[in-house]
Amino acid sequence: MRSLFTFLFAVCSVLLVQAQNTATPVIKATLPPELEEISGMIHLNGKLYGIEDSQNPAILYEFDSTSGAITKTITLDVANSDWEDITHDGTYIYVADIGNNNGTKSVLRFYKFPIQAIEDITGETGTISSEQIETIKFTYSDYVSSRAFDCEAVFYYNGYLHLFTKNWIAPNTTVHYKLQVPSTPTESTLTAERLEEFNTQDILVTGATMMNDRIVALLGYNDRNVHGLSTACAMWLIQGFTDIDQLFSAESSKLKIDIGYASSVGQLESVTAVSQ
């Protein structure tokens, strides 16, 4: 993942184009070089926060949704092995250190810290100490050493972190797992339960968000000439489900929206929903 994600994708506008199953992203801002490899973002208390993946600093960036300008730089006193997404539960933020491109990592991590720790930083820069950060270690219930276990997409819902794999072995398939957030810190390695799988029609899932209690969005691109001109980007909207553990059941509607090619919109790897 080395391509620029140079715009904030206005997810709400996609709902207006369901009939034709295509969408033209609205460029809201050009992000600065510090966010050249943004791999996850959230909208929180009227602000946007983003992270970058491996080989980048362990920093959480607060940035303006209109200008793209960074307004606060927050260093997390933990390692960035391969941060791939970020989510929150209204009280805590979870940074997903879950990238596993080669499939050789049997144990992965979430870093959990209070939203209040961000609000306590009054200047343009600050650090959240390791003492304020809880590490949640986990493995997949069916893990084997395989590139099928790469993952870049997660959201929080009702006490669980829901993960969607980026399956390099079978690009048509993403597997949905859930991991229960422990009520108290633990040194144990927890297990993410396999729930279901979904045919993504050749889309490698790179981002996920709950737009509301009724709609889930999965973002991604195909693996044809990744980083190249023929890499097609798309979003799946899943709605009408009654059980979050069975998102892809027959009762839910599944709409694939083609967004364009990476050569024009960038290699899409992060998505969040903003209430308007």
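Predicted, not measured: the structure shown is a model, and the values here were computed from it.

Conventions used here
Residues numbered from 1 in each chain as written. Predicted model: local features only at pLDDT ≥ 70, side-chain atom pairs only at ≥ 80, totals over all residues. Heavy atoms only, no water. Pairing = 2+ DSSP bridges. Helix = DSSP H or I, 4+ residues; strand = E, 2+ residues; numbered from the N terminus. Axes fitted to C-alpha atoms, helices over the stretch in contact; angles between N-to-C directions. Phe/Tyr/Trp six-rings, centres within 6.5 Å; stacked < 30°, edge-to-face > 60°. Buried < 20%, exposed > 50% of the residue type's maximum accessible area, 1.4 Å probe, protein only. Lys NZ or Arg CZ within 6 Å of the ring centre and 35° of its normal. Contact = heavy atoms within 4.5 Å. Salt bridge = Lys/Arg side-chain N within 4 Å of Asp/Glu carboxyl O. Core = buried A, V, L, I, M, F, W, Y, C linked by side-chain atoms within 4.5 Å. pLDDT = per-residue confidence, 0-100.

Peer 1: Looking at this structure, how should I read the sheet that holds strand S10 (residues 150-157)?
Peer 2: Pairing is mixed in the open sheet, where eight strands are placed in the order S5-S6-S7-S9-S13-S12-S11-S10. The two strands at the open ends of the sheet, each matched to only one other strand, are strand S5 (85-88) and S10. In this sheet, adjacent strand axes meet at a mean angle of 30° when their direction is disregarded. Pairing of strand S12 (residues 173-180) with strand S13 (residues 189-199), which is carried by six bridges, proceeds in the antiparallel orientation. Looking at S13, one finds that His176 is bridged to Glu196.

Peer 1: Teacher, can you tell me more about the packing of aromatic side chains here?
Peer 2: The description of two aromatic rings rests on the distance between their centres and on the angle between their planes. One pass over the full model with this rule turns up 10 aromatic pairs. Between the aromatic rings of Tyr140 and Tyr177, the centroid separation amounts to 4.7 Å while the plane-to-plane angle is 55°, which identifies the pairing as tilted. A residue pair is termed long-range when its members are at least 10 positions apart, and Tyr140 in strand S9 (residues 134-140) and Tyr177 in strand S12 qualify at 37 residues. Like Tyr140, the residue Tyr177 is buried in the burial classification. Ring plane angle 10° and centroid distance 4.4 Å describe the contact between Phe198 and Phe248, whose orientation is recorded as stacked. Linking Phe198 in strand S13 with Phe248 in the loop between strand S16 (232-239) and strand S17 (253-261), this pair joins segments that are 50 residues apart in sequence. If you follow Lys178 out to its NZ or CZ, it ends over the ring of Tyr160, 4.3 Å from the centre.

Peer 1: I tried to follow the environment of Ser39 on my own but got confused; where do I start?
Peer 2: Positionally, Ser39 belongs in strand S1 (residues 38-44). Taking the C-alpha atoms as reference points, Ser39 and Ile86, separated by 47 residues in sequence, lie 8.5 Å from one another. Not counting chain neighbours up to four residues away, the residues in contact with Ser39 comprise Ile51, Glu52, Asp53, Trp83, Glu84, Asp85, Glu269 and Ser270.

Peer 1: Any chance you could explain the pairing of strand S8 (residues 125-128) here in plain terms?
Peer 2: Along a regular strand, successive side chains alternate from one face of the sheet to the other. The alternating pattern of S8 places Gly126 and Ile128 on a buried face, while none of Thr125 and Thr127, on the opposite face, is buried. Across four bridges, the pairing between strand S4 (residues 70-76) and S8 is parallel. Paired with Leu76 across the strands is Ile128, a residue of S8.

Peer 1: Whenever I open this one, the pattern of salt bridges confuses me. Can you help?
Peer 2: Once their charged atoms are close, side chains differing in charge can pair, the charge on each being opposite to the other. Across all of its chains, the model carries six salt bridges by this definition. A salt bridge links Glu62 to Lys47; its shortest N-O distance comes to 4.0 Å. Taken together, the positions of Glu62 in strand S3 (residues 59-63) and Lys47 in strand S2 (residues 47-52) put the pair 15 residues apart, joining distant regions of the chain. Judged by its relative accessible area of 5%, Glu62 is buried. A relative accessible area of 38% means that Lys47 is categorised as partly exposed.

Peer 1: Whenever I open this one, the nonpolar core confuses me. Can you help?
Peer 2: Most often, soluble globular proteins keep nonpolar side chains buried together rather than apart. Core analysis: the largest hydrophobic core is formed by 20 residues, its most contacted members being Leu60, Leu76, Ile93, Val95, Phe113, Ile118 and Ile128. Counting residues per element, the ones that place at least two in this core are S1, S2, S4, strand S6 (92-97), strand S7 (108-114) and helix H1 (115-119). Looking at this core element by element, the count peaks at three residues for H1. Beyond its immediate stretch of four places on either side in the chain, Leu60 contacts Tyr49, Gly50, Ile51, Lys72, Thr73, Ile74, Ile86, Phe113 and Ile118. Ile136, Tyr140, Ala148 and Cys151 belong to the second-largest nonpolar core, a separate cluster that totals 19 residues.

Peer 1: Looking at this structure, I do not really get the confidence of the model for the chain. What am I missing?
Peer 2: Interpretation of this model should avoid reading the predicted coordinates in detail wherever pLDDT is low. In the predicted model, the chain carries a mean pLDDT of 88, and 90% of its residues have values of at least 70. Below pLDDT 50 for its whole length, residues 1-19 participates in 71 contacts with residues either more than four positions away or in separate chains.

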